[in-house]
Amino acid sequence: MSFSEECKSAILSGDISLAEELAHKVIHEKLDVNEAIDAFSLAIREAGDLFEEGEFFLPELMRSAEAMKAAMVIFQPVLEEGKEDRFRGKVVIGTIEGDIHDIGKTLVASMLTAEGFDVHDLGADVPVKTFIEKAIEIDANIICISALLTTTMVGQKKLIDQLKEKNIRDKFKVLIGGAPISKKWVEEIGADGSAENAVSAVKLAKKVLED
Amino acid sequence: MGAVELAQNSLFELKRNFEEKKVKILKNLVIKLDTNEILRLLQSKNSEDNIRKAPQALVDDIKRMTDEALLLIQSRAIYDSFESKELEPKFLFNKSEITVFAICTIGKKLETHTREHLQKGELAKGVILNAIASHAAEQTAEHVNQTILNELSMEIQGKDTTCRFSPGYCQWELGKGQKTIFELLDSSKIGVSLTSSMMMNPVKSVSFAINIGKEVDKELGLRDCENCDMFNCAYRRI
Ligand code: B12
């Protein structure tokens, strides 16, 4: 098995200790970190596709994400030394105020982290003001707002309206999500997009950063 | 503890039990959990035509975690009956005579426990516990539904009943529906509150209504997917 095949199998089988072992090997043997991360990334994307196609159950995908994260933690110091510059989109994510359902948001945050985004998770029941302050503070690329119910999703509109009022709407891409979110709602409030699960959320985040 | 105090205590207990009966509170409900339903909540919506069987290791994990979760589930409910003609919106209640409202919950413990695992980065475990909790909330509602029907069997005789239907479904506007139910039932008695935007806390809670009458619309609240207008629902079974 080639090294990248080994990386792939560690992620797809959700084998955390194997993923860690492989990452250590990269560091110790001074192999190409970027190449290794690419191999891992390819695998986590495949796990995502398998989930979307119905081949994988959610816990299997999550185990892959756990293995991915374990490897990334080991690569992190090398990446931070700046020798390897990989662009990592900065994301502020949270569930909007009045809404205390945070599983969906946590899944999106985990998949974004697994794919190398720099994610700042503000938790649940987050006031509009906190979202905006954090986004400005860290100079975020993307703001992700989650809401479970039709009564709580109005907060997503409030956030976008506030960005417009402050004349900073263009500084961030705003993605929204949650069970009741429709295309129509995305257009109505002027968000940059929405996705129905954590796998497509990552694809969307990558896409809006390319635009 | 002295004898008098003891007697007073049990008197207090009795009185409390009596009051709780009056406002119809159910506690410590025993619910059954079905691994297949939990697995269904853990699949993406495209998996319907996919017949992949769950790996045995996953099934074992779910069974083990279900036992763990059951210790943290505190199923409770409050319900009461009301005269339908007083209720809004008319299109839901006008053909009904009596309407029963209920609020059910599995409590906060499992939710907190699940969040702790997720925060530690134990994602797989977290999503399994979350699915167990969602299924448990549904099962609690089902149990309460049955209890209500049994208890009201006298009132129901010669009449029809709808299946249970909830605010946020069946064109029943979520905000208005929750307001109606929470104004009529003292949800604090079972530890459920509403956030500023009408979400129930604990999250794993369900509110619902059942209509009773000679001419009730029996299609209303039929809970199978065939009759639901959420065509893109991730959990649609048909
Ligand atoms: C399981 C379930 C329940 C369970 C558990 C609820 C929970 N939140 O844990 C129980 C039985 C308790 C329940 C109760 C209720 N429910 Co419910 N429930 C569902 C169901 C079937 C799945 C929700 C879920 O847990 N999904 C799994 C999680 C992981 O997914 P998620 O949070 O949606 O997140 C994913 C995506 O949305 C996306 N995402 C999330 N955030 C973001 C953010 C960004 C930026 C992006 C890009 C993507 C993204 O990625 C996530 C991961 O894949 C949905 C229907 C559906 N198909 O979604 C209805 C649904 C959410 N429920 C609904 C309703 C109405 C209710 C109740 C109000 C009913 C009632 N009157 O009692 C209550 C409310 C509970 C409360 N606390 O107030 C409605 C909400 C619509 C509305 N009208 O507002 C839905 C949509 C069903 C419907 N009618 O069509 N529910």
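Bear in mind that the values here come from a model prediction, so they are computed numbers and not experimental data.

1. Considering the packing of helix α6 (residues 128-138) of chain A against helix α7 (residues 154-165) of chain A
Residues and elements named next belong to chain A.
Turning to step 1, where the next piece is worked out: Where α6 meets α7, the axes come as close as 10 Å, and the angle between the chain directions of the two elements is 45°. Between α6 and α7, the angle falls in the class oblique. Of the two possible hands of crossing, α6 and α7 adopt the one that is right-handed. Listed contacts from α7 to V128, F131 and I132 of α6 are G155, K158, L159, Q162 and L163.
Turning to step 2, where the next piece is worked out: Residue composition of the contact of α6 with α7, by class: 5 nonpolar, 2 polar and 1 charged.

2. Thoughts on helix α3 (residues 56-70) of chain B
Turning to step 1, where the next piece is worked out: Taking 1.5 Å of rise per residue, the 15 residues of α3 of chain B would be expected to cover 21 Å, and the 21 Å separating its terminal C-alpha atoms lies within 8% of that figure.
Turning to step 2, where the next piece is worked out: Taken together, the buried positions of α3 of chain B are L58, V59, D61, I62, M65, T66 and A69 of chain B. End-on view of α3 of chain B: buried residues confined to an arc of 155°, all on one side of the axis. For α3 of chain B, the exposed residues set more than 90 degrees away from the buried face come down to Q56, A57 and D67 of chain B.
Turning to step 3, where the next piece is worked out: The elements touched by buried residues of α3 of chain B are α4 (58-80) of chain A together with α2 (35-41), α5 (109-119) and α6 (123-151) of chain B.

3. Topic: the layout of surface pockets
Turning to step 1, where the next piece is worked out: Space inside the second largest pocket adds up to approximately 610 Å³.
Turning to step 2, where the next piece is worked out: Lining the second largest pocket are 27 residues, and of these K69, A109, S110 and T113 of chain A together with G121 of chain B sit closest to its centre.
Turning to step 3, where the next piece is worked out: Only α4, α5 (103-114) and β2 (118-121) of chain A together with α5 of chain B provide two or more residues apiece to the lining of the second largest pocket.
Turning to step 4, where the next piece is worked out: With 7 residues, the top contributor of residues to the lining of the second largest pocket is α4 of chain A.
Turning to step 5, where the next piece is worked out: Of the residues assigned to the lining of the second largest pocket, the class counts are 9 nonpolar, 8 polar and 10 charged.
Turning to step 6, where the next piece is worked out: Formed jointly, the lining of the second largest pocket draws a minimum of three residues from each of two domains, domain 1 (3-84) and domain 2 (87-210) of chain A.

4. A look at the site of the ligand
Turning to step 1, where the next piece is worked out: In the neighbourhood of the ligand, 39 residues make up the surrounding shell, with H101 and T150 of chain A together with M200, K204 and S207 of chain B lying closest.
Turning to step 2, where the next piece is worked out: Mapping the residues near the ligand onto chains gives chains A and B.
Turning to step 3, where the next piece is worked out: Take T150 of chain A: an N or O atom from its main chain is 2.7 Å from an oxygen atom of the ligand.
Turning to step 4, where the next piece is worked out: In the environment of the ligand, a nitrogen atom lies 3.2 Å from a nitrogen or oxygen atom belonging to the backbone of G168 of chain B.
Turning to step 5, where the next piece is worked out: For the shell around the ligand, the secondary-structure elements that each account for two or more residues are α5, β3 (142-146), β4 (173-177) and α9 (198-210) of chain A together with α6 and β7 (205-213) of chain B.

5. Quick notes on the sheet that holds strand β5 (residues 193-194) of chain A
Residues and elements named next belong to chain A.
Turning to step 1, where the next piece is worked out: Taken together, the 5 strands give an open sheet; going across it, the order is β2-β1-β3-β4-β5, and neighbouring strands pair in parallel fashion. With partners counted over all chains shown, the strands left at the sheet margins are β2 and β5, one partner each.
Turning to step 2, where the next piece is worked out: With 5 bridges joining them, β3 and β4 adopt parallel strand pairing. Its bridge partner lying in β4, I145 is registered against I176.
Turning to step 3, where the next piece is worked out: The sheet strands contacting α6 are β1 (90-95), β2 and β3, and the helix crosses β1 at an angle near 165°.

6. A word on the domain arrangement of chain A
A common way to express how large an interface is: the accessible area buried when the components associate.
All names here are of chain A.
Turning to step 1, where the next piece is worked out: With domains assigned, chain A is organised as domain 1 (3-84) and domain 2 (87-210).
Turning to step 2, where the next piece is worked out: One C-alpha centre belongs to domain 1, the other to domain 2; they are set 25 Å apart.
Turning to step 3, where the next piece is worked out: Every contact between the two is made by 14 residues of domain 1 and, on the other side, 12 residues of domain 2.
Turning to step 4, where the next piece is worked out: The junction of domain 1 with domain 2 conceals about 1100 Å² of combined surface from both sides, 67% of it contributed by carbon and sulfur atoms.
Turning to step 5, where the next piece is worked out: Inspection of the domain 1/domain 2 interface yields 3 salt bridges.
Turning to step 6, where the next piece is worked out: Between K203 and D49 there is a salt bridge whose closest N-O contact spans 3.1 Å.
Turning to step 7, where the next piece is worked out: One can count 4 residue pairs in polar contact (both at pLDDT 80 or more) joining domain 1 with domain 2.
Turning to step 8, where the next piece is worked out: Among the secondary structure elements, those contributing two or more residues to the side of domain 1 that touches domain 2 are α3 (33-52) and α4.
Turning to step 9, where the next piece is worked out: In terms of residue count, the dominant contributor to the side of domain 1 that touches domain 2 is α4 (8 residues).
Turning to step 10, where the next piece is worked out: Classifying every residue of the side of domain 1 that touches domain 2 by side-chain character gives 8 nonpolar, 2 polar and 4 charged.

7. A word on empty space enclosed by the protein
Turning to step 1, where the next piece is worked out: Within the structure shown, the criterion is met by 2 cavities of 30 Å³ or more.
Turning to step 2, where the next piece is worked out: By volume, the largest cavity is sized at about 100 Å³.
Turning to step 3, where the next piece is worked out: Every element with two or more residues in the lining of the largest cavity is listed here: α5 and α6 of chain B.
Turning to step 4, where the next piece is worked out: Per-element accounting of the lining of the largest cavity gives the leading share, 4 residues, to α5 of chain B.
Turning to step 5, where the next piece is worked out: Counted as a void, the second largest cavity has a volume near 60 Å³.
Turning to step 6, where the next piece is worked out: Looking at the second largest cavity, the residues that line it are I44, R45, G48, D49, M111, E115, V199, V202 and K203 of chain A.

The rules behind the values
- Here the residue numbers are simple positions, counted from 1 along each chain's written sequence.
- Lettering for chains starts from A, numbering for ligands starts from 1, and both go in the order in which the items are written.
- Given that this is a predicted model, residues contribute local features only at a pLDDT of at least 70 and side-chain atom pairs are listed and counted only at 80 or more, while totals for whole chains, interfaces and linings are drawn from all residues.
- Side-chain numbers come from the whole structure's heavy atoms, not from hydrogens or water.
- Each axis is a line fitted through C-alpha atoms, taken for helices only over the stretch in contact, and angles between the N-to-C directions span 0 to 180 degrees.
- Numbering of helices and strands runs from the N terminus; a helix is a DSSP stretch of H or I covering at least four residues, while a strand is a stretch of E covering at least two.
- Angles below 35 degrees are treated as roughly parallel, those above 145 as roughly antiparallel, those between 65 and 115 as roughly perpendicular, and all remaining angles as oblique.
- Two helices cross in a left-handed way if the nearer one is turned anticlockwise from the farther one by less than a right angle. They cross in a right-handed way if the turn is clockwise.
- In what follows, residue pairs with any heavy atoms lying within 4.5 Å of each other are defined as contacts.
- As a working rule, the residues Ala, Val, Leu, Ile, Met, Phe, Trp, Tyr, Cys and Pro are called nonpolar, Asp, Glu, Lys and Arg charged, and the rest polar, with Gly in that last group.
- In a helix, the anticipated span is given by 1.5 Å times the number of residues less one.
- Each residue gets one of three labels from its accessible area relative to the maximum for its type: buried under 20%, exposed over 50%, partly exposed in between, using a 1.4 Å probe on protein chains only.
- What the arc describes is the spread of directions from the helix axis to the C-beta atoms.
- In this analysis a 1.4 Å probe is tested at points of a 1 Å grid over the protein atoms alone, and where it fits but cannot get out there is a cavity; an open set with protein on both sides within 12 Å along at least five of seven lines is a pocket; lining residues have an atom within 4 Å of a point.
- Grid points are joined across faces, edges and corners, and a volume is the space filled by probe spheres set on the points.
- The domain boundaries here were taken from an automatic or database domain assignment.
- Any residue with at least one heavy atom within 4 Å of a molecule or strand is counted as near it.
- Side-chain atoms alone can form a polar contact between residues adjacent in sequence; in general such a contact is a pair of N or O atoms within 3.5 Å, and within protein one must be able to donate a hydrogen while the other accepts it.
- Only when DSSP finds a minimum of two bridges between them are two strands counted as paired.
- By convention, the term buried area covers the 1.4 Å-probe accessible surface removed from two parts as they join, with the contributions of both added.
- For this analysis, a salt bridge means a side-chain nitrogen from Lys or Arg found within 4 Å of a carboxyl oxygen belonging to Asp or Glu.

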